[in-house]
Amino acid sequence: MAIRFRGLFFIISLLFTIPTNGQAIVQPTLSPQAEISLITCAPGSALFEAFGHSAIRVNDPVSGFDMAYNYGVFDFDQPNFYLNFAKGYLLYKLGTAEFDRFLYQYMYFDRTVEEQILDLTHDQKNAVFKFLQLNSLPENREYYYDYFFDNCATRPRDVFIEILGDSLRFDYGYADTLDYTIRGLIDRYIEDKDQFAWGDLGIDLGLGANIDRLATPFEYMYQPEFLYLAFEGATLAQADGSISPLVNQTKTLYQGAPQSDQISTTFTPSFVFWTLLVLLAIASAFELWKQKYQLLAFDFLFFAFLGLYGLLLVFLWFFTNHTAATHNWNMLWGWPTHVIAAFLVLIRKPPKLLKFYFILTALLTSFLLFFWAWLPQDLHDSLIPFLILIVMRSLVVIKLKLMPNKATPVQA
């Protein structure tokens, strides 16, 4: 209940970051005392908060203009929201909000907020401001969100690249000792935390080998933490040929309490799948001892589920814009044809070809388990007992259902 409340509050607060009249607040130009800042918000305790957040602040104390420009806003009421989400065409938008309101959201959830005030000339500040104002207009503010390459952190980065051009140089020293893949950058936030265990599994089930390549230092900046580090060491080439730091001052606007390591729970994918394997191993042993096929209903549901998952992978791979979902090696065990096999198991006298189908299933799944550590995709370790279960139930189906001379199968 607490997580649902947090999520509802956060979504409602984001909706209020868009001015009620649908227009960006008009401010012709900034005074010389104005400041442009990169805002970095620490991760939260819910999955959608786990990676932190970035925004741009424009603060002009002379006029009293103080706004946050936030590329992380989306609208549930957009046409075909769920279909667009599934197909990878979800529209995000640049939202604007009074900075005090924006800051309050993160103070409410006790998340640290850091501000990096940038050392820009008056002309550069106004150029950034004009860019943000134009992009916050209704006809310009929407964009197609991408998990890794076009999100709430990469957009602020690209604003400054666009305005400052070649004069801006990032310091990639933060990545010198790191060798993360794109998936590894996700895992560093959620892999070892029980409260994110099912979300971590879902990510690994849905995203393919494209994110298992080493990330470039530039690509690290899709996460707010590394965007902060890149800005902290970045420099600007001045008109006189001198080099100056991009960040003039770093301030902590709000210091949240240290997060506890994790919310401990035993109801993780590993626990569930290993428990299921043990229970099914006992039941399968009893079937083989009695030489009587008794788990027909389970096998139907089990292989039908595997097939439906395979169909989802085909959809994500070939019929959506989710480039990160392509080349998914989970397809080696999640076959769409398992749906057909599940229904054929129900037949009193299944076709002889079904026996070879389940032999192939057992062999290829065993192959996958044997070469687990050498696959080009980092599959979720909790799937190991699940795959063992696929092999075990395939062999039981062969023995007790598809070799009728060896056993007395139940009536289908």
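Refer to the structure presented above.
What you are looking at is a predicted structure, and each value in this text was computed from that prediction instead of being measured.

Chemist: Mind laying out the sheet that holds strand β7 (residues 168-169), listing which residues take part and the relevant values?
Modeler: Pairing within the open sheet is antiparallel, and its three strands lie in the order β7-β8-β9. Each of the sheet's edge strands pairs with one partner strand only, and the pair in question is β7 and β9 (243-245). Examined bridge by bridge, strand β8 (residues 235-237) and β9 share three bridges and lie antiparallel to one another. Its bridge partner being in β9, Ala-237 is matched across the sheet by Ile-243.

Chemist: Could you give an account of the nonpolar core, with specific residues and numbers?
Modeler: Counting 51 residues, the largest nonpolar core has Ile-36, Tyr-69, Leu-120, Phe-160, Phe-231 and Leu-246 as the members making the most contacts within it. Only β1 (35-41), β2 (53-60), β3 (65-74), β4 (91-98), α4 (122-135), α5 (154-164), α6 (182-190) and α8 (224-232) provide two or more residues apiece to this core. Contacts of Phe-231, omitting those with residues within four sequence positions, involve Leu-38, Gln-116, Leu-118, Arg-157, Phe-160, Phe-170, Leu-246 and Val-247.

Chemist: Describe in detail the packing of aromatic side chains, supporting the description with residues and values.
Modeler: For the structure on display, the rule yields 36 aromatic pairs. Judged by centre distance (5.6 Å) and plane angle (80 degrees), the ring pair of Phe-51 and Tyr-189 falls under edge-to-face. Taken together, the residues Phe-51 in the loop between β1 and β2 and Tyr-189 in helix α6 connect sequence positions 138 residues apart. When its relative accessible area of 24% is taken as the criterion, Phe-51 is described as partly exposed. Aromatic side chains Tyr-174 and Phe-226 sit 5.7 Å apart centroid to centroid with 35 degrees between the ring planes, which places their arrangement in the tilted category. Pair noted here: Tyr-174 is in the loop between β7 and α6 and Phe-226 is in helix α8, with a separation of 52 residues, a long-range link.

Cut-off values and rules
Residues numbered from 1 in each chain as written. Predicted model: local features only at pLDDT ≥ 70, side-chain atom pairs only at ≥ 80, totals over all residues. Heavy atoms only, no water. Pairing = 2+ DSSP bridges. Helix = DSSP H or I, 4+ residues; strand = E, 2+ residues; numbered from the N terminus. Core = buried A, V, L, I, M, F, W, Y, C linked by side-chain atoms within 4.5 Å. Buried < 20%, exposed > 50% of the residue type's maximum accessible area, 1.4 Å probe, protein only. Contact = heavy atoms within 4.5 Å. Phe/Tyr/Trp six-rings, centres within 6.5 Å; stacked < 30°, edge-to-face > 60°.

Any link to function would need more than the numbers given here.
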